[in-house]
Amino acid sequence: MELPSDAVLVFDRDEDLFVFASFIDATNWIEAIDVDAGEYTAAYSPDGGVWALTVSQGPEKSVVLTRTGRVDPDDLVRRFARYWQRHQAGEPPRDLLETGRFVIERDNKPRTGWSGRMTALLRCAPAE
């Protein structure tokens, strides 16, 4: 899987990383209330282009993602290093492309919480 050129890489204040396959995916997933609260500290394109995250005005607030015209690949590399150090301790750091694919695959895995596991167990239970 290739990291799309229009992917958006977003870091939060806990230095976690979210990778969205497109601009549209990012603006659909990120919540305006979190942007207003300063939850996200940086957003980049894969080439280090800097994005600004803001919220539209009016009653129907939505996330607005705009290119700033700045490029800062050094800060992007530093943030990747901190992400691996903080959230992937013991794992060898991966480059930008590998990390992007890793995060997209991680976030798109089906997750089974407690209720999902119970439902699966009930489906497998023998009928009485």
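Located above this text is the structure these notes cover.
These lines cover the structure that appears in this document, whether it is placed above or below. (Residues numbered from 1 in each chain as written. Predicted model: local features only at pLDDT ≥ 70, side-chain atom pairs only at ≥ 80, totals over all residues. Heavy atoms only, no water.)

### Examining the overall build of the chain
Secondary structure summary: the chain contains five helices and five strands in total. Taken over 128 residues, the chain has a buried fraction of 35%. If you take every contact in the chain between residues at least 6 apart in sequence, the share linking residues at least 24 apart comes to 49%. (Helix = DSSP H or I, 4+ residues; strand = E, 2+ residues; numbered from the N terminus. Buried < 20%, exposed > 50% of the residue type's maximum accessible area, 1.4 Å probe, protein only. Contact = heavy atoms within 4.5 Å.)

### Observations concerning the pattern of salt bridges
Applying the stated criterion to the full structure yields five salt bridges. In this structure, Asp 36 and Lys 61 form a salt bridge, with 3.6 Å as the shortest nitrogen-oxygen distance. A residue pair is termed long-range when its members are at least 10 positions apart, and Asp 36 in helix H2 (residues 32–36) and Lys 61 in the loop between strand E4 (49–55) and strand E5 (63–71) qualify at 25 residues. Residue Asp 36 is classed as partly exposed on the basis of its relative accessible area, which comes to 48%. (Salt bridge = Lys/Arg side-chain N within 4 Å of Asp/Glu carboxyl O.)

### Overview of the sheet that holds strand E2 (residues 17–20)
Across the sheet, five strands lie side by side as E2-E1-E3-E4-E5; this open sheet has antiparallel pairing. Where the open sheet ends on each side, the last strands, each with one partner, are E2 and E5. Geometrically, the sheet is characterised by an average inter-axis angle of 30° between neighbouring strands, direction not taken into account. The pairing of strand E3 (residues 40–44) with E4 spans two bridges and is classified as antiparallel. (Pairing = 2+ DSSP bridges. Axes fitted to C-alpha atoms, helices over the stretch in contact; angles between N-to-C directions.)

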